[in-house]
Amino acid sequence: MNLNNKTVLITGANRGIGKATVDALLDAGVAKIYAGARRLSSLPDFGDDRVIPIEIDITDPETVTNAAAVASDVDLLINNAGTLAMGGVLDSSVESIQADMNTNYFGTLDVIRRFVPVLETKPDAAIVNVVTIAAFVNFPGLGGYSASKAALFSLSQGIRIELAPRGISVHTVNPGPIDTDMARDLDMEKTSAEETARNIVAGLENDEAEIFPDPASQQMFGVWQGNYRDLEAAVYEMHHAN
Ligand SMILES: NC(=O)c1ccc[n+]([C@@H]2O[C@H](COP(=O)([O-])OP(=O)(O)OC[C@H]3O[C@@H](n4cnc5c(N)ncnc54)[C@H](OP(=O)(O)O)[C@@H]3O)[C@@H](O)[C@H]2O)c1
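(A) The arrangement of the layout of surface pockets in detail. In this structure, the largest pocket encloses a volume near 1300 Å³. Forming the walls of the largest pocket are 49 residues, and the residues nearest its centre are L84, Y145, T180, M182 and A183. Elements that contribute at least two residues to the lining of the largest pocket include exactly α1 (16-27), α4 (143-163) and α7 (228-239).

(B) Structural context of the pattern of salt bridges. Overall, the coordinates contain 10 salt bridges when judged by the stated rule. The shortest N-O distance in the salt bridge between R50 and D48 comes to 2.8 Å. A salt bridge links E210 to R160; its shortest N-O distance comes to 3.0 Å. One end of the pair, E210, is in strand β7 (residues 210-211); the other, R160, is in helix α4, and 50 residues separate them in sequence. Assessed through its relative accessible area of 22%, R160 is described here as partly exposed. Within the structure, one salt-bridge network assembled from shared partners comprises R15, D181 and R184.

(C) Highlighting empty space enclosed by the protein. Within the structure shown, the criterion is met by one cavity of 30 Å³ or more. For the largest cavity, the calculated volume is near 30 Å³. Lining the largest cavity we find A85, G87, S92, S96, I97, D100, G144 and Y145. Listing elements by their share of the lining of the largest cavity, those giving two or more residues are α3 (94-119) and α4. It is α3 that contributes the most residues to the lining of the largest cavity, three residues altogether. Counted by class, the lining of the largest cavity contains three nonpolar, four polar and one charged residues.

(D) Layout of the site of the ligand. Close contacts around the ligand come from 28 residues, with N14, R15, R38, Y145 and T180 the closest. In this structure, G12 approaches the ligand through a main-chain N or O atom, which is 3.3 Å from an oxygen atom. Within the backbone of I178, one N or O atom sits 2.8 Å away from an oxygen atom of the ligand. Protein chains bury 95% of the 890 Å² of accessible surface belonging to the ligand in isolation. Comparing atom positions with the cavity grids shows the ligand to sit within the largest pocket. Broken down by secondary-structure element, the contributors of at least two residues to the shell around the ligand are α1 and α4. Taken together, the residues of the shell around the ligand sort by class into 12 nonpolar, 11 polar and five charged.

(E) Local environment of the environment of K6. Residue placement: K6 occurs in the segment before β1 (7-10). Spatially, the C-alpha atoms of K6 and K32 are 6.8 Å apart, while their sequence positions differ by 26 residues. Those residues within four positions of K6 in sequence are excluded, and the remaining contacts are M1, V30, A31, K32, D75 and D124. A distance of 2.8 Å separates the side chain of K6 from the backbone oxygen of N2, its partner in a polar contact.

(F) Fine view of the packing of aromatic side chains. Tallied over the entire structure, the rule returns seven aromatic pairs. When the ring of F212 is compared with that of F221, the centres are 4.0 Å apart and the planes differ by 15°; the resulting orientation is stacked. The pair F212 / F221 is uniform in exposure class, with both members buried. Chaining the aromatic ring pairs together yields one cluster made of F136, F153, F212, F221 and W224.

(G) Highlighting the nonpolar core. The biggest cluster of nonpolar side chains holds 41 residues, and the ones touching the most others in it are L9, V74, L77, F115, L119 and I127. Looking at this core, the elements that each hand over two or more residues are α2 (61-70), α3, β5 (125-130), α4, β6 (168-173), α6 (215-226) and α7. When residues no more than four places from it in sequence are discounted, the contact partners of I127 are L77, N79, I112, V116, L119, I159, L163, I168, S169, V170 and H171. Core analysis: the next-biggest nonpolar cluster, separate from the first, contains 32 residues, A13, I33, F46 and V201 among them.

(H) Region of interest: the packing of α6 against α7. Where α6 contacts α7, the axes come no closer than 4 Å and their chain directions differ by 130°. Between α6 and α7, the angle falls in the class oblique. Between α6 and α7, the contacting residues are M220, V223, W224 and G226 on the first element and Y228, D230 and L231 on the second. Of the residues belonging to the contact of α6 with α7, the class tally is five nonpolar, one polar and one charged.

Rules used throughout
- Residues numbered from 1 in each chain as written.
- Predicted model: local features only at pLDDT ≥ 70, side-chain atom pairs only at ≥ 80, totals over all residues.
- Heavy atoms only, no water.
- 1 Å grid on protein atoms, 1.4 Å probe; cavity = no way out; pocket = protein on both sides within 12 Å on 5 of 7 lines; lining within 4 Å.
- Points joined across faces, edges and corners; volume = space filled by probe spheres on them.
- Helix = DSSP H or I, 4+ residues; strand = E, 2+ residues; numbered from the N terminus.
- Salt bridge = Lys/Arg side-chain N within 4 Å of Asp/Glu carboxyl O.
- Buried < 20%, exposed > 50% of the residue type's maximum accessible area, 1.4 Å probe, protein only.
- Nonpolar A, V, L, I, M, F, W, Y, C, P; charged D, E, K, R; others polar.
- Near = heavy atom within 4 Å.
- Polar contact = N/O pair within 3.5 Å; in protein donor to acceptor, adjacent residues only side chain to side chain.
- Areas by Shrake-Rupley, 256 points an atom, 1.4 Å probe, with all protein chains shown as cover.
- Sits in = over half its atoms within 2 Å of the grid points.
- Contact = heavy atoms within 4.5 Å.
- Phe/Tyr/Trp six-rings, centres within 6.5 Å; stacked < 30°, edge-to-face > 60°.
- Core = buried A, V, L, I, M, F, W, Y, C linked by side-chain atoms within 4.5 Å.
- Axes fitted to C-alpha atoms, helices over the stretch in contact; angles between N-to-C directions.
- Parallel < 35°, antiparallel > 145°, perpendicular 65-115°, else oblique.

Structural data, given as C-alpha cells:
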C-alpha cells in the first residue's frame, strides 16, 4: 500500500506499539491519522496537526459506531488495541479469559464490521490486525490471550478472502516480545516499540499479508514454516525448563 496521503484510524494509540505506529505513519507521509483511545486525556501530544484524537473503546459499541460516523474518510484501519491477561487456561479465572476474548476478538470484529462500509468506498483500502506470534503457537503462560489472538488470526484469513473483491486488503502483524507495558512481566529479550512500528509501516508499504516486525517473531515463524510442531516443541521446552 502506498501510504502517502492516506487517512488512517488506529486504536490504542495512546501508548506502546500504537503510539509508536502513529509516529512512524506520520514519517511515512500519511495525510491524517485518527488516534483512537478509550480516554482522550491519555493521548500524548504528537506535535503534528495531522493527528485527530478520537474516543474509541473497542468493547463499547456506542463509541465504535460514533467513531465510524466521524472517521468516514478512512483508507486504512489499524486494529492495534488489545489486552493480555497472564495465566494458563486451566488456572485463570474464566472472567479474565473472557475479557481477552471480548477485547481481542469480539471488540476487533465489531470495529471491522462498522468500518467496512467506510473502507469499501475507497479505491485503495486496507485493514491491519495486530495479532501476535502467539497466534501460531499457544504459550501456556498466556493461554487465553494466545487463543483470543488465534481467533483474530483466523478471522483475518476469512475476511481477507471475503473482502478482496470489495477492494480491501487484509494484513496481520504478528510480533514477538515488544518492550511495552503489556510485556512488562515477560522475562525475554524485547524489541523496541519504535523499531516494531517502523517495520509494520515497511511491511505495509511492501504489501506483506503477514508482517513479522521483530527478530524473535521472524525466528519463530521460520521454525513454524519448517514444521509447526517444532515450534510447539520449542514452547514445551521453554515451559518445562524449570
Ligand atoms: N508487547 C508485546 O510483546 C506484544 C506482542 C505481540 C502482540 N502485541 C499486541 O500489540 C498490540 C498493542 O499492545 P502493546 O504492546 O502496545 O500494549 P500496551 O502498551 O498495553 O497497549 C495496549 C493498548 O490497547 C489499548 N486498549 C486496551 N483495551 C482497549 C479497549 N477496550 N478499547 C480501546 N483501546 C484499548 C490500551 O488503552 P488504555 O491505555 O486505555 O488501556 C493501549 O493503548 C496489542 O494488540 C497486543 O496484543 C503486543
